[in-house]
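Residues per chain are reported as follows:
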Amino acid sequence: MHILKMAVASFLGTFGFAILLHAPRRAWIPASLVGTVAFVLYDLLLSMGITSPAAIFLGALFGSLIGYLCAWRMQMISTVFMSLSIVSFVPGLGLYRSMELLARSETGGGARQGAEAMVAIAMIVLGLGMGAFLVRLVKTQVSAWKHR
Amino acid sequence: MTDRKMYMDVLRLAGETIMENGGETYRVEETVDRMGRAFGLEEVQSFAVPSGLIISFRLNGDSESSVLRVRRGSTDLERVDQVNQISRLVEAGKMDCARALEQLREIRSRKTGERQYPTILAAGLSAAGFCLMFGGAWMDWIVSAGTVAVQQLFFLWMRRKNLQSMMTVVLGAFLATLIPQALQPVLGLNQEAVIAGALMPLLPGLAMTNAVQDALRGDMISGVSHFTQAIMTAGLVAGGALTATTLLNVMGGVL
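Calculation notes
- Residues numbered from 1 in each chain as written.
- Chains lettered and ligands numbered in written order.
- Predicted model: local features only at pLDDT ≥ 70, side-chain atom pairs only at ≥ 80, totals over all residues.
- Helix = DSSP H or I, 4+ residues; strand = E, 2+ residues; numbered from the N terminus.
- Buried ≥ 20, exposed ≤ 12 C-beta atoms within 10 Å, placed from the backbone.
- Contact = placed C-beta atoms within 7 Å.
- Nonpolar A, V, L, I, M, F, W, Y, C, P; charged D, E, K, R; others polar.
- Domains from an automatic or database assignment.
- Core = buried A, V, L, I, M, F, W, Y, C linked by C-beta atoms within 7 Å.
- Axes fitted to C-alpha atoms, helices over the stretch in contact; angles between N-to-C directions.
- Parallel < 35°, antiparallel > 145°, perpendicular 65-115°, else oblique.
- Left-handed = near helix turned anticlockwise from the far one by under 90°.
- Pairing = 2+ DSSP bridges.

> Go over the overall build of chain A, please, and point to the residues and values.
In terms of helices and strands, chain A carries six helices and zero strands. Start at the N end of chain A and walk to the C end: the helices and strands fall as α-α-α-α-α-α. In terms of overall dimensions, chain A has a C-alpha envelope of 65 × 30 × 30 Å along the principal axes. Residues classed as buried in chain A amount to 55% of the 148 residues present.

> So what about the overall build of chain B? Which residues, and what values?
What chain B contains, in helices and strands, is 10 helices and three strands. Each helix and strand of chain B, placed in order from N terminus to C terminus, yields the pattern α-α-β-β-β-α-α-α-α-α-α-α-α. Dimensions of chain B along its principal axes, counting C-alpha atoms only, are 75 × 30 × 30 Å. Looking at chain B residue by residue over its 255 residues, the buried ones come to 51%. Considering only intrachain contacts with a sequence separation of at least 6, the fraction spanning at least 24 residues in chain B is 66%.

> Which residues make up the environment of B:Gln103, and what values go with them?
Considering the arrangement of structural elements, one finds B:Gln103 in helix H4 (residues 97-109). Along the primary structure B:Gln103 and B:Ala48 are separated by 55 residues, whereas in three dimensions their C-alpha atoms are 22 Å apart.

> Summarise the interface of chain B and chain A; cite the residues concerned and give the values.
Each partner contributes residues to the interface: chain B has 45 residues there, and chain A has 43 residues. Looking at the side of chain B that touches chain A, the elements with two or more residues in it are helix H3 (77-91), helix H5 (116-133), helix H8 (191-199), helix H9 (205-216) and helix H10 (220-254) of chain B. Class assignment for the residues of the side of chain B that touches chain A results in 26 nonpolar, 13 polar and six charged.

> Tell me about the domain arrangement of chain B, and please be specific about residues and values.
Residues and elements named next belong to chain B. The domain boundaries assigned to chain B delineate domain 1 (3-110) and domain 2 (116-254). Put simply, the middle of domain 1 and the middle of domain 2, counted by C-alpha atoms, are 33 Å apart. In terms of residue class, the side of domain 1 that touches domain 2 is built from three nonpolar, three polar and one charged.

> Before we move on, can you summarise unusual backbone geometry with the specific residues and values?
Residues and elements named next belong to chain B. A positive phi angle, near 50°, is found at glutamate 43, a position not held by glycine. Within the secondary structure layout, glutamate 43 lies in strand S1 (residues 42-49). Taking the number of C-beta atoms within 10 Å as the measure of exposure, glutamate 43 has 10 and is therefore exposed.

> Describe the nonpolar core, naming the residues involved and giving the relevant values.
If you look at the biggest cluster of nonpolar residues, it comprises 127 residues, and the most contacted ones within it are A:Ala60, A:Val80, A:Ile124, B:Ala173, B:Leu199 and B:Val237. Split by domain, this core shows at least three residues from each of two domains, domain 1 (3-110) and domain 2 (116-254) of chain B. Discounting residues that sit within four places of it in the chain, B:Ala173 has contacts with B:Leu199, B:Leu202, B:Leu236, B:Val237, B:Gly240 and B:Ala241.

> Tell me about the packing of helix H3 (residues 52-73) of chain A against helix H4 (residues 78-85) of chain A, and name the residues and values.
All names here are of chain A. At their nearest, the axes of H3 and H4 sit 8 Å apart, and the two run at 155° to each other. In this view, H3 runs roughly antiparallel relative to H4, as classed from their interaxial angle. Handedness of the H3/H4 crossing: right-handed. Where H3 approaches H4, its residues Gly63, Ser64, Gly67, Tyr68, Cys70 and Ala71 are matched on the opposing element by Ser78, Val80, Phe81, Met82 and Ser85. For the contact of H3 with H4, a count of residues per class yields six nonpolar, five polar and no charged.

> Would you mind going over the pairing of strand S3 (residues 62-69) of chain B in detail, with residue names and values included?
Regular strands place their side chains on alternate faces of the sheet. The element S3(B) is largely exposed, with a buried count of zero among its eight residues. Joining the antiparallel neighbours strand S2 (residues 52-59) of chain B and S3(B) is a turn of two residues, in which B:Asn60 adopts a positive phi near 50°.

> So what about the sheet that holds S2(B)? Which residues, and what values?
Residues and elements named next belong to chain B. Spatial ordering of the open sheet is given by S1-S2-S3, a layout of three strands whose pairing is antiparallel. Of all strands in the sheet, those bounded by a partner on one side alone are S1 and S3. Strand-to-strand twist of the sheet, defined as the mean angle between neighbouring strand axes without regard to direction, takes the value 5°. Here eight bridges tie S2 to S3, and the two strands are oriented antiparallel to one another. Bridging from a neighbouring strand, leucine 59 pairs with aspartate 62 of S3. Against the sheet, helix H1 (residues 3-20) touches S1, S2 and S3, its axis set at about 155° to S2. Sheet strands in contact with helix H2 (residues 25-38) are S1 and S2, and its direction is about 165° off that of S1.

Put into structure tokens, the structure is as follows:
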């Protein structure tokens, strides 16, 4: 039930974002599904006891890989799928908690939450970067193999 | 119009449209180079940074160059994708220069604002989804969606008055935090879920993606610039939320 709730929430959140970023209409549903699958993977990894930064990294990596695959299949720019695949990982809650604690002069707690949010952002960037690198690696190898 | 001028117009419009609408700088350079080569131009060179674009090429021994200052507009990935489709057609020899110019002008003439109200609804839907993700109940979803709708209407008003600046993000975050906190005593909301949901549409997912894409292709200037933009936007969102929370805490103490 929890997974289903997370999947619906992630789909709605990403779908709204697709319209907000003026993504091409035919990408709205596929890109939202990519974001949903990546987030569900993250949630499953968390429930298996994997730490949040590692789960975010793996979720973003998986999202970027299937995002690239969708972009290639649909002959569309990868930006659409890449940016929407990570929407659900962006640490809005962490950022807000950090600010709320700082406003209450709880500097220690605020700084800890802020640092956690920054780690989450770094993991998203790493996951996306690793995905993009792997795709380029495969493309280069396939291209070299074709020209052999 | 001479051929040289027309080729330059196509390359400029393609690059400018991608950049203004949220595309990566590597994509601008790749598109310009690819289209230039497809037109049979020689020594096509392009240099893009997030705020500008330089293009040069040679045709029949004469050189042509252009420097362009680009100002980012609102994000429209459909336009970026459409320019990309045109560049693919040009590269495949299925579209000539005159047709490409006509199509690019058509893309640019379409106002992003044509879809303002669906955008407001979409932002509300997105906020409601994230509110659910953060543990909100149905009343929280409604308030979160409503708060974002107010925030987006405020952005629309700012755009119409030409008042868009970095302060827009701060004020957006301020509203996203202030409205739920003000309604909290009346409605008994899950304040954290409502506010975090309402802040999500402001957070810089696209800038982060662009930073990664540019940096990975060795374009460190654009990569660092986009990454700074992402961190700065996150900071501004945090600043707006902090201001609203502090203000309400102070008012609560006074009242």
